[in-house]
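Residues per chain, in single letters:
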Amino acid sequence: LISWSTVLGPTVRAGGASLFAVVVSVAYPIGDILLLTVAVLAFVQGSRRRGPLILVSLGMGAMALSDGAFAYLTTSGSFSTVSIVDLGWCVGFALIGLGGVVRSDDALASSPDRAVVPASVLPYAGLLVAAVVVLSQNLMGRAVDRPSVALSTVVLVLVLARQFTTLTDNRELARIVNARETELRHQAFYDGLTGLANRALFINRVRHALELQGRDQRPVSVAFVDLDGFKGINDTLGHAAGDELLVLVARRLGGIARSADTLARLGGDEFALLMEHGDDPSAMARAVVEALRGPFQLNGRLVKMSASVGVATVGDETGTLSADDLLSRADIAMYAVKRSGRNDFRQYTSDLRLAEGDDMVLRQALADAIQQRQVRAVFQPIFNISNGGLVGYEALARWRYNGADVPPDVFVPVAERTGLIAALTSLMLDHACGQLAAWSAELGHSTMLMGVNISAQELGDPSLHQRVLAAVASHGLAPDQLVLEITESALVANPVTARMTLTSLTDLGVTFSLDDFGSGFNGFSQLIGVPLRSVKLDQTFIADIDTDPASRRLLEGVMLLIRHLGLRVVGEGVERPEQLEVLRAVGCDAAQGYLLGRPADASVIDVLGQVLASDVGLTADTARL
Ligand code: C2E
Ligand code: CA
Ligand code: CA
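Because the structure is predicted, anything quoted here is derived from the model rather than measured. (Residues numbered from 1 in each chain as written. Chains lettered and ligands numbered in written order. Predicted model: local features only at pLDDT ≥ 70, side-chain atom pairs only at ≥ 80, totals over all residues. Heavy atoms only, no water.)

**Overview of the overall build of the chain**
Thought 1: Within the chain one finds 22 helices and 16 strands.
Thought 2: Each of the 625 residues in the chain was classed as buried or not, and the buried ones make up 41%.
Thought 3: The contacts of the chain with a sequence gap of at least 6 include a subset with a gap of at least 24, amounting to 68%.
Thought 4: Accessible surface computed for the chain: about 32000 Å², of which carbon and sulfur atoms make up 60%. (Helix = DSSP H or I, 4+ residues; strand = E, 2+ residues; numbered from the N terminus. Buried < 20%, exposed > 50% of the residue type's maximum accessible area, 1.4 Å probe, protein only. Contact = heavy atoms within 4.5 Å. Areas by Shrake-Rupley, 256 points an atom, 1.4 Å probe, with all protein chains shown as cover.)

**Some details on the pattern of salt bridges**
Thought 1: Enumeration over the complete set of coordinates arrives at 20 salt bridges.
Thought 2: In this structure, K338 and D226 form a salt bridge, with 2.8 Å as the shortest nitrogen-oxygen distance. Remark: D226 occurs in strand β1 (residues 220-228) and K338 occurs in helix α11 (residues 323-339); sequence separation between them is 112 residues.
Thought 3: Looking at K338, the relative accessible area reads 17%, which means it is buried.
Thought 4: Note that R467 and E458 form a salt bridge whose closest N and O atoms lie 3.4 Å from each other.
Thought 5: Among the ionic contacts, a cluster of salt bridges with common partners joins E394, E485, K536 and E572. (Salt bridge = Lys/Arg side-chain N within 4 Å of Asp/Glu carboxyl O.)

**Section: the environment of G100**
Thought 1: With respect to the helices and strands, the residue G100 is situated in helix α4 (residues 84-101).
Thought 2: Residue G100 is classed as exposed on the basis of its relative accessible area of 65%.
Thought 3: When the C-alpha positions of G100 and G51 are compared, they lie 10.0 Å apart, and in sequence the two are 49 residues distant.

**Overview of the environment of V56**
Thought 1: Here V56 lies in helix α3 (residues 50-75).
Thought 2: Residues V56 and G92, spaced 36 residues apart in sequence, show a C-alpha to C-alpha distance of 8.3 Å.

**As for the site of ligand 1**
Thought 1: Close to ligand 1 lie 23 residues, the nearest being Q380, R398, Q539, E575 and Y594.
Thought 2: Here a nitrogen atom of ligand 1 sits 3.0 Å away from a polar atom, N or O, in the main chain of A397.
Thought 3: The side chain of Q539 places a nitrogen or oxygen atom 2.8 Å from a nitrogen atom of ligand 1.
Thought 4: Relative to its free-state accessible area of 800 Å², ligand 1 is covered by the protein chains to the extent of 88%.
Thought 5: Contributing elements (two or more residues each) for the shell around ligand 1: α8 (230-237), β9 (390-401), α13 (408-417) and β13 (511-517).
Thought 6: The greatest single-element share of the shell around ligand 1, amounting to four residues, is contributed by β9.
Thought 7: Partitioned by chemical class, the residues of the shell around ligand 1 number eight nonpolar, six polar and nine charged. (Near = heavy atom within 4 Å. Polar contact = N/O pair within 3.5 Å; in protein donor to acceptor, adjacent residues only side chain to side chain. Nonpolar A, V, L, I, M, F, W, Y, C, P; charged D, E, K, R; others polar.)

**Re the coordination of the calcium ion (ligand 2)**
Tetrahedral coordination by four donors puts the ideal angle at the metal at 109.5 degrees, and octahedral coordination by six puts it at 90 or 180 degrees.
Thought 1: Taken together, the protein donors to the calcium ion (ligand 2) comprise E394 (OE), N453 (OD1), E485 (OE) and D515 (OD), at separations of 2.1 to 2.3 Å.
Thought 2: Taken in chain order, the donor set of the calcium ion (ligand 2) reads E-x58-N-x31-E-x29-D.
Thought 3: Looking at E394, the relative accessible area reads 3%, which means it is buried. (Donors = N, O, S within 2.8 Å, 3.2 Å for Na, K, Ca; no water.)

**Overview of the coordination of the calcium ion (ligand 3)**
Thought 1: The protein atoms that coordinate the calcium ion (ligand 3) are D515 (OD), D516 (OD), E572 (OE) and E572 (OE), at distances of 2.1 to 2.7 Å.
Thought 2: The metal-metal distance between the calcium ion (ligand 3) and the calcium ion (ligand 2) comes to 4.1 Å, with D515 coordinating both. Of this pair, D516 sits in strand β13 while E572 sits in the loop between β15 (568-571) and α20 (577-585), placing them 56 residues apart in sequence.
Thought 3: Take E572: its relative accessible area is 12%, and that puts it in the buried class.

**With respect to the packing of aromatic side chains**
How two aromatic rings sit relative to each other is given by the distance of their centres and the angle of their planes.
Thought 1: Tallied over the entire structure, the rule returns four aromatic pairs.
Thought 2: Geometrically, the ring pair formed by Y393 and W439 is tilted, given 4.7 Å between the ring centres and 35° between the ring planes. With a gap of 46 residues between them, Y393 in strand β9 and W439 in helix α14 (residues 421-443) connect regions that are remote in the sequence. Taken individually, Y393 and W439 each receive the classification buried, so the pair is uniform in this respect.
Thought 3: Put simply, the rings of F379, Y393 and W439 pair up and form one aromatic cluster.
Thought 4: Positioned above the aromatic ring of F296, the side-chain terminus of R252 is 3.7 Å from the ring centre. (Phe/Tyr/Trp six-rings, centres within 6.5 Å; stacked < 30°, edge-to-face > 60°. Lys NZ or Arg CZ within 6 Å of the ring centre and 35° of its normal.)

**Focus on the sheet that holds strand β7 (residues 345-347)**
Thought 1: Taken in spatial order, the five strands line up as β2-β3-β1-β6-β7 in an open sheet, and their pairing is mixed. Each edge of the open sheet carries a strand with a single partner, namely β2 (262-267) and β7. Each strand of the sheet is rotated relative to its neighbour by a mean of 20°, with strand direction disregarded.
Thought 2: Summarising the sheet, β1 and strand β3 (residues 270-275) pair through six bridges and their orientation is antiparallel. Across the sheet, residue D226 finds its bridge partner in β3, namely E270.
Thought 3: α11 rests against β1, β2, β6 (306-314) and β7 of the sheet, and its axis sits at about 140° to β6. (Pairing = 2+ DSSP bridges. Axes fitted to C-alpha atoms, helices over the stretch in contact; angles between N-to-C directions.)

**Some points on unusual backbone geometry**
Thought 1: Not every positive phi belongs to a glycine, and N299 is a case in point at roughly 50°.
Thought 2: On the secondary structure map, N299 appears in the loop between β4 (296-298) and β5 (301-303).
Thought 3: Owing to a relative accessible area of 60%, N299 belongs among the exposed residues under this scheme.
Thought 4: Non-glycine residue D516 carries a positive phi angle of around 55°.

**Comments concerning the confidence of the model for the chain**
Thought 1: Looking at the chain, pLDDT values average 84 and 89% of them are 70 or higher.
Thought 2: Per-residue pLDDT stays below 50 along residues 106-115; that stretch engages in nine contacts with residues further than four places along the chain or on separate chains. (pLDDT = per-residue confidence, 0-100.)

**Points about the pairing of strand β14 (residues 534-537)**
Thought 1: The alternating pattern of β14 places S534 and K536 on one face and V535 and L537 on the opposite face, and all of these are buried.
Thought 2: In this sheet, β14 lies alongside β13 in parallel orientation, the contact comprising three bridges. Residue pairing for β14: L514 is matched across the bridge by V535.
Thought 3: As defined by bridge partners, β14 adjoins β15 across four bridges and the pair is classed as parallel. Looking at the pairing, V535 lines up with V569 of β15.

**Thoughts on the pairing of β9**
Thought 1: Bridging between strand β8 (residues 376-384) and β9 involves eight bridges; their strand directions are antiparallel. Bridge pairing links F383 to L390 in β9.
Thought 2: The hairpin turn running from β8 into β9, its antiparallel successor, is five residues long, and G388 in that turn takes a positive phi close to 75°.
Thought 3: As defined by bridge partners, β9 adjoins strand β11 (residues 449-453) across four bridges and the pair is classed as parallel.

**Some details on the packing of α14 against helix α15 (residues 463-474)**
Thought 1: Two numbers describe how α14 lies on α15: the axes approach to 9 Å, and their chain directions differ by 25°. One finds that α14 runs roughly parallel with respect to α15. Crossing geometry of α14 relative to α15 is assigned as right-handed. Residues A422, T425, S426, L429, D430 and C433 of α14 form the contact with α15, whose own contacting residues are R467, V468, A471, V472 and S474.
Thought 2: By residue class, the composition of the contact of α14 with α15 is six nonpolar, three polar and two charged. (Parallel < 35°, antiparallel > 145°, perpendicular 65-115°, else oblique. Left-handed = near helix turned anticlockwise from the far one by under 90°.)

Laid out in structure tokens, this is it:
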């Protein structure tokens, strides 16, 4: 438009110019406008290397100016071969050349958002120029000619078009942001696998229901559902099948729950149902047990399943309760079901409170079993990851009661609560040391290690030192073959005594391993200054390292920190070769898990064969390693 009103218009109006001359004359200003646009865009949008960009932009500006002046002078016939115009071209080329030589000054680099304002007003500058040109033509008493009107209209239409695309862009952006937000909110409140509410949302709903209950006194009940033997299915059929089963369970529960109830997956194989509309909680719980009792069809095979359900209710007679209290009551009732044989439901009653009644029955049986040495030890091997050599074994307690195996997760806590843990640990120390002595004699050396689990509370017990010594001495062992496995909570609960016990036993040569690392995550601070030999990465911590990149990155970071503290690392619960591969890649020292060997009775373990095989490196196990 500017060119038209200053140079092109007069030239064309003067007539006589050939078509070729007009095209060339038009090409210059258009080319200059393109150059200027590129320069301005590069300048406005580039956040780095501003120095050279300024020079190049100025250079282009100078050339555009000279081009314009040249065209003007030519048409007005006043152009001579040497003029001030040449200076513009010289300066233009010089500035562009300089821009290539000058190093970018990073100090000039600015944040990109500084560019947003100039960039967004740029289109309106075009509009303003058009208005000024047309107006000045008018003021100078010239009629506004058609090309000027056409060009101004083009500018206007372009700006409007841009406005429009910005608007639709914004709308699209808002849509994406909204979708992401909904998705995030969904992730925060719903379980990804089953689509049910998660713990956070569930607690929230319970809280809300309790508030309402405080006003209208309508009873609120929570049913806590835990699958029986789910871990076994996970272990034998694999995690994928386990996940599928959880989805099927969620579907069956969904079939029972009324639409006003809140159904949630609290984690693992735990589900919960909130009933706040006057349903009969016992009838619901019975329906849940019944529905989950039937077999499930998993990958073409039928899997038997059952569930234990605990119910807790807040009514007018119970007084006020917090959401957490209500849930933990349902949990206590659920545990009572587990102890009395699973596959049933139970309503919480105050006498269940500490589950003492059940504890006491078990306690007597457990005390007798320890006394008669009926609590046995099984041994699970630990292997060196880099050379496949046998490092040693971990001793794990086993108890058979009334013809069924009671899991250590059940009877060890009972022993802890009822004062039997010292006797249990002493028995396990004796089993472990006896077996270690036998295996060391068979091997003809004493470098094999034996891990024994020590409960958190025992580190505060001054008699532990003496009992460990007695067990080691009575089997003629060197204390440095014994590795006591302790948990983080032992260090947190009783920091001073725990450290004293650790130090006094370490002085004798006994070493310590930090068990279940990564399961609770109290942090690293309490690891500092504690005489540990190694850290055992919890099974849950390494569960997804071969499938989930985030999980692997976390492992890598944690490995760095642990290695920095000079500790060895044992990966626990290794079930897949891919997990082992990742552990090896990140520099883990040793591994333990079903992939390499299940806990087994000493009578079926051929320790000499195990060591020979791993020395020669020929067995399937070591090939895997
Ligand atoms: P823990 O010390 O972390 O022992 C490892 C547990 O993981 C054992 O379960 C073991 O059988 C299991 N495991 C090993 N490899 C794998 C695998 O590849 N996959 C899976 N899914 N599991 C694997 P277990 O024997 O049932 O022991 C459970 C917990 O009971 C132990 O966890 C330990 O905290 C406690 N415990 C066992 N024996 C004793 C004991 O003698 N004294 C004390 N204080 N606690 C014990
Ligand atoms: Ca352990
Ligand atoms: Ca562990």
